[in-house]
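A closer look at the structure
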Amino acid sequence: MTTTGPRTPAAADPTTADLLDRVQSLLASHPPAEVDRLDFLRARFDAGLAWVGYPVGLGGLGIPRELQAVVDAALAAAGAPDNSPRSIGIGLGMAAPTILAHGSDEQKQRWLRPLWTGEEVWCQLFSEPGAGSDLAALGTRAVRDGDEWVVNGQKVWTSMAHEARWGILVTRTDPDVPKHAGMTYFGCDMHVPGVDVRPLRQATGEAEFNEVFLTDVRLPDTDRIGEVGNGWRVATGTLMNERVAIGGQSAPREGGMLGMVTSVWRERPELRTPGLHSELMEQWVRAEASRITGERLRQQMAAGTPGPEGSAAKLMFSELNQRLSGLLLELLGEQGLAYDDWTMRRPKEVHFHGNRPGYSYLRAKGNSIEGGTTEILLNIVAERVLGLPGEMRVDKDVPWKDLPR
Amino acid sequence: MTGFPSLLHSDDEQQLRETVRRQLAARADWSSVLRRVEADDPYDADTWRTLAAQTGAAGLPVPEELGGAGASWRETAVVAEELGRSLAVVPFLGSAVLATAALLHAGESELLPQVAGGERTAVLAVPLSTWPGSSFPTSVSVEGDALTGRVTSVGDAGAADVLLVPAIGPDGPSLWAVEAFEVTPRTSLDMTRPLGDVTLSGSSGRRVAEGAAAEAALQHALMVGAGILASEQLGLAEQCLETTIAYLKERYQFGRPLGSYQALKHRLASLWVEVTRARATARYAAGCLATQDPDTAVAVAVAAAICSDVAVLAAEECVQLHGGLGFTWEHPAHLWLKRAKADQIALGTPDRHRAALADLVDLPLGAG
């Protein structure tokens with residue numbers, strides 16, 4: 001198998017042909033109609049067809065990740081089950097790349113297969129009540145005790161914690177050095193004693209997220225990911241994957257929130273006013289321009305020259321989603337006064353653009369906060385893209401324990 | 001890709017950009033542009049001849065057999081971007097874009113080779129504020145082959161050897177090439193794109209198109225013009241952003257570079273997001289124009305609406321963030337501001353383009 005050089009899926013490509021052979025032999029040995037879903041997913045992982053860009057033996061074939069589309073299309077056409085990627089996004093998008101980049105061989109063998117099949121759901125134990133944008137200020141303490149670490153602290157905004165078997169956890173292991181230096185990263189078993197998951201109810205009325213209280217939680221040193229004191233570097237890699245995951249979405253013309261507004265506009269002429277028409281067309285243009293920007297970003301990535309435009313994508317998305325969802329409520333008038341349900345619930349999946357206008361408006365408020373606030377992203381653009389000077393830092397050379405809080 | 005043209009520059013396009021940028025930097029930096037616009041004859045004929053000879057800029061989309069470069073509107077857009085950065089006073093928009101598009105669409109082959117080679121400058125005689133979709137102008141009437149009337153605010157009129165004049169006669173609309181005309185210069189908001197009022201007093205002309213073909217040629221020219229202007233606006237916005245970033249890195253107040261203040265960093269970062277969005281729309285419009293994509297009308301309206309406002313925003317930010325310096329005559333910010341504001345009005349305001357879009361994508365204001 002050739003593994004060098006950029007490749008794009010094409011019927012005549014020997015790699016593509018080889019890949020389709022592998023798909024056929026998986027389908028032959030494990031006919032989807034006859035075998036159990038989980039058995040099929042495990043066999044798919046073992047055949048290297050889970051994520052072809054991953055190494056051989058870890059669910060992949062060590063070939064360019066773009067070729068995954070060939071596998072996914074062929075398996076979908078054969079009616080094979082998938083691993084419900086929407087409901088295990090944190091594991092696939094954040095935990096897995098981190099484990100691959102920084103984990104030991106034993107950890108990769110132990111964690112990646114059940115992560116990919118969805119047998120073991122992962123969550124992210126990063127933010128704390130006292131450490132949001134300033135994640136490196138976090139104070140959840142991990143103290144070494146022989147072959148174990150004892151963890152105490154509180155994490156917040158943890159989606160899926162109530163379903164999760166594992167969490168990626170960043171802790172403070174050395175309070176006597178400046179904040180970025182004294183952190184250590186773990187895979188945290190969510191089923192051990194001392195892990196207490198409580199729902200965190202949000203403005204929409206439901207609880208997508210959790211607070212996680214960690215009280216004398218004992219983690220084996222073998223579940224540490226990366227070196228002691230190297231947690232910030234590991235966590236930074238995880239967060240880069242988060243931004244890629246959020247900013248990489250593509251949509252057809254009038255997709256997403258805009259589509260909800262335009263369909264109401266077309267179906268309900270009695271709601272139209274000149275002012276709303278101006279606002280609609282202004283947002284239509286901005287949404288379409290953002291869509292084309294996303295396409296340009298994809299072309300850059302396909303050409304192997306990703307630009308800094310990715311940083312713009314999330315800023316555009318959150319602003320548009322907020323303006324459009326607000327416009328929709330105003331357009332709906334009386335109907336916009338209603339809300340469907342304030343009952344405390346735990347949604348399995350989050351749909352920003354479902355048919356719930358009030359919910360969409362409220363949920364969109366989170367878009368400019370989650371995954372890096374708009375203000376932090378603007379700092380990043382200003383400093384890393386435009387090359388402007390960094391913020392004045394008062395916490396750089398101060399031991400973590402001496403920082404004001 | 002799902003039917004999208006490439007939104008990236010090819011190696012050839014990149015090379016063209018570098019050649020044009022080099023030429024303009026050497027011949028038309030902003031201080032020489034400023035000196036020129038205060039002189040009696042603002043047009044920089046030498047630079048225009050050099051650009052035409054070295055890059056084919058006078059006739060990029062014109063086929064080689066008609067004396068052009070045999071390229072497309074994509075390459076034209078590359079040159080427009082660079083001219084937006086430099087503001088060199090050359091009749092590119094009037095001749096190489098508007099008149100060329102009209103002549104190409106009309107199937108004209110006598111005048112086009114001369115225009116494409118840069119030997120003669122042709123200018124489409126409509127007010128620069130005319131927008132795609134506007135009704136056929138009635139300010140000039142024709143009887144036999146004699147044209148009479150007055151067209152105000154014509155962009156690049158002062159550089160014209162030949163005018164392409166839309167006129168109304170007993171048989172309806174037609175398009176004429178006219179060589180005898182009088183131009184009264186106007187004092188223009190944008191000093192780098194002079195306007196003139198054109199008077200025709202029974203001038204004889206040569207008919208280039210008539211009836212529906214004349215209307216279609218004019219509409220095509222306005223559409224192409226608005227689409228290419230978006231690239232000029234993009235170039236201007238990029239120039240303003242880059243100049244402002246550089247200034248905020250070197251200007252110190254209160255013992256810190258201005259660029260270290262978060263209030264200013266966020267403004268520039270937000271502007272960068274807008275410019276990023278503008279770039280994608282301008283490239284998409286140029287790509288659609290080059291292949292006559294069925295989505296061209298939407299692509300042009302989106303690009304025109306976005307890039308017009310982004311150029312104005314970038315120029316206004318450039319003035320404000322340069323402080324007192326940005327308000328002086330001796331800094332280029334005012335030249336960019338004037339061009340940006342005039343460009344916002346030229347070939348359709350953003351609101352005109354959004355109104356056109358409302359029809360194109362079936363989002364009417366009325367009950368339909």
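Basis of the calculations
- Residues numbered from 1 in each chain as written.
- Chains lettered and ligands numbered in written order.
- Predicted model: local features only at pLDDT ≥ 70, side-chain atom pairs only at ≥ 80, totals over all residues.
- Heavy atoms only, no water.
- Contact = heavy atoms within 4.5 Å.
- Buried area = accessible area lost by both parts, 1.4 Å probe.
- Salt bridge = Lys/Arg side-chain N within 4 Å of Asp/Glu carboxyl O.
- Polar contact = N/O pair within 3.5 Å; in protein donor to acceptor, adjacent residues only side chain to side chain.
- Helix = DSSP H or I, 4+ residues; strand = E, 2+ residues; numbered from the N terminus.
- Phe/Tyr/Trp six-rings, centres within 6.5 Å; stacked < 30°, edge-to-face > 60°.
- Buried < 20%, exposed > 50% of the residue type's maximum accessible area, 1.4 Å probe, protein only.
- Core = buried A, V, L, I, M, F, W, Y, C linked by side-chain atoms within 4.5 Å.
- Domains from an automatic or database assignment.
- Nonpolar A, V, L, I, M, F, W, Y, C, P; charged D, E, K, R; others polar.
- Arc of directions from axis to C-beta.
- Pairing = 2+ DSSP bridges.

Accessible area lost upon the coming together of the parts serves often as the stated size of an interface. The interface of chain A with chain B comprises 48 residues on the first partner and 45 residues on the second. Both sides of the chain A and chain B interface together cover about 4100 Å² of buried area, and 69% of this is carbon and sulfur. Broken down residue by residue, the surface that chain A buries against chain B is led by Arg296(A), Gln299(A) and Leu386(A), which jointly contribute 15%. Inspection of the region where chain A meets chain B yields 6 salt bridges. The salt bridge partner of Arg266(A) is Asp362(B), with a shortest N-O separation of 3.7 Å. Where chain A touches chain B, the interface holds 18 residue pairs in polar contact (both at pLDDT 80 or more). Every element with two or more residues in the side of chain A that touches chain B is listed here: α7 (256–267), α8 (274–302), α9 (310–332) and α11 (374–385) of chain A.

So, on to the packing of aromatic side chains. Residue and element names in this part refer to chain A. Summed over the entire model, instances satisfying the criterion amount to 12 aromatic pairs over all chains. Taking the centre distance of 5.9 Å and the plane angle of 90° together, the rings of phenylalanine 126 and tyrosine 185 count as edge-to-face. Placement of phenylalanine 126 in the loop between β1 (122–125) and β2 (141–145) and of tyrosine 185 in strand β5 (residues 183–189) is noted, with a sequence separation of 59 residues between them. With respect to class, phenylalanine 126 is no different from tyrosine 185; both count as buried.

The next point concerns the nonpolar core. Core analysis: the largest hydrophobic core is formed by 139 residues, its most contacted members being Trp284(A), Phe92(B), Leu124(B), Ile228(B), Leu268(B) and Leu357(B). Here the element with the most residues in this core is helix α7 (residues 212–250) of chain B; it accounts for 18 residues. Counting residues in hydrophobic clusters, the runner-up holds 52 residues, among them Leu125(A), Phe126(A), Ala136(A) and Leu138(A).

A separate point is the domain arrangement of chain B. Residue and element names in this part refer to chain B. According to the domain assignment, chain B contains domain 1 (11–120), domain 2 (140–210) and domain 3 (216–360). When each unit is reduced to the centre of its C-alpha atoms, the spacing between domain 1 and domain 3 is 20 Å. Each partner contributes to the interface: domain 1 provides 23 residues, whereas domain 3 provides 30 residues. Carbon and sulfur atoms supply 70% of the area that domain 1 and domain 3 bury against each other, a total of about 2400 Å² over both sides. At the boundary of domain 1 with domain 3, the tally comes to 3 salt bridges. The interface formed by domain 1 and domain 3 holds 4 residue pairs in polar contact (both at pLDDT 80 or more) in total. Residue assignment for the side of domain 1 that touches domain 3 shows that the elements contributing at least two residues are α2 (30–37), α4 (73–86) and α5 (92–106). Along the lines of polarity and charge, the residues of the side of domain 1 that touches domain 3 split into 14 nonpolar, 4 polar and 5 charged.

Residues and elements named next belong to chain B. All buried positions along helix α11 (residues 350–360) are accounted for by Pro350, His353, Arg354, Leu357 and Ala358. The buried residues of α11 occupy an angular sector of 150° when projected down its axis, which confines them to one face. Positive phi shows up at aspartate 362, right after α11, with a value of about 60°.

Tallied over the entire structure, the rule returns 63 salt bridges over all chains. A salt bridge links Glu206(A) to Arg356(A), with the nearest nitrogen and oxygen atoms 3.7 Å apart. Within this pair, whereas Glu206(A) is found in the loop between β6 (195–200) and β7 (209–220), its partner Arg356(A) is found in the loop between α9 and α10 (357–364), the two being separated by 150 residues in sequence. Classification of Glu206(A) as buried rests on a relative accessible area of 3%. Of the charged contacts, one joins Asp341(A) and Arg345(A) as a salt bridge, the two residues approaching to 3.7 Å between their closest N and O atoms. Bridged by salt links that share partners, the residues Glu279(A), Arg286(A), Glu319(A), Arg323(A), Glu274(B) and Arg277(B) form one connected network.

Turning our attention to the domain arrangement of chain A. Residues and elements named next belong to chain A. When the domains of chain A are assigned, the result is domain 1 (1–82), domain 2 (122–238) and domain 3 (248–372). Between the C-alpha centres of domain 2 and domain 3 there is a distance of 32 Å. With 13 residues of domain 2 in contact, the opposing surface of domain 3 contributes 15 residues. In this assembly, domain 2 packs against domain 3 so that about 1200 Å² is buried in total across both faces, 49% of it on carbon and sulfur atoms. A salt bridge links arginine 363 to glutamate 208; the shortest N-O distance between them is 2.6 Å. At the boundary of domain 2 with domain 3, the tally comes to 8 residue pairs in polar contact (both at pLDDT 80 or more). Considered class by class, the residues forming the side of domain 2 that touches domain 3 number 4 nonpolar, 5 polar and 4 charged.

Moving on, we get to the pairing of β1(A). All names here are of chain A. What you see with β1 is no split at all: Trp122 and Gln124 on one side and Cys123 and Leu125 on the other are buried throughout. Where β1 and strand β4 (residues 166–172) come together, 4 bridges link them in parallel fashion. Looking at β4, one finds that tryptophan 122 is bridged to tryptophan 166.

Our focus in this paragraph is unusual backbone geometry. Residue and element names in this part refer to chain A. Although it is not a glycine, tryptophan 157 adopts a positive phi angle of roughly 60°. Looking at the secondary structure, you find tryptophan 157 in the loop between β3 (148–155) and β4. Residue tryptophan 157 is classed as partly exposed on the basis of its relative accessible area of 46%. Here the phi dihedral of aspartate 216 falls at roughly 50°; this positive angle occurs in a residue that is not glycine. Take aspartate 216: it is sitting in strand β7.

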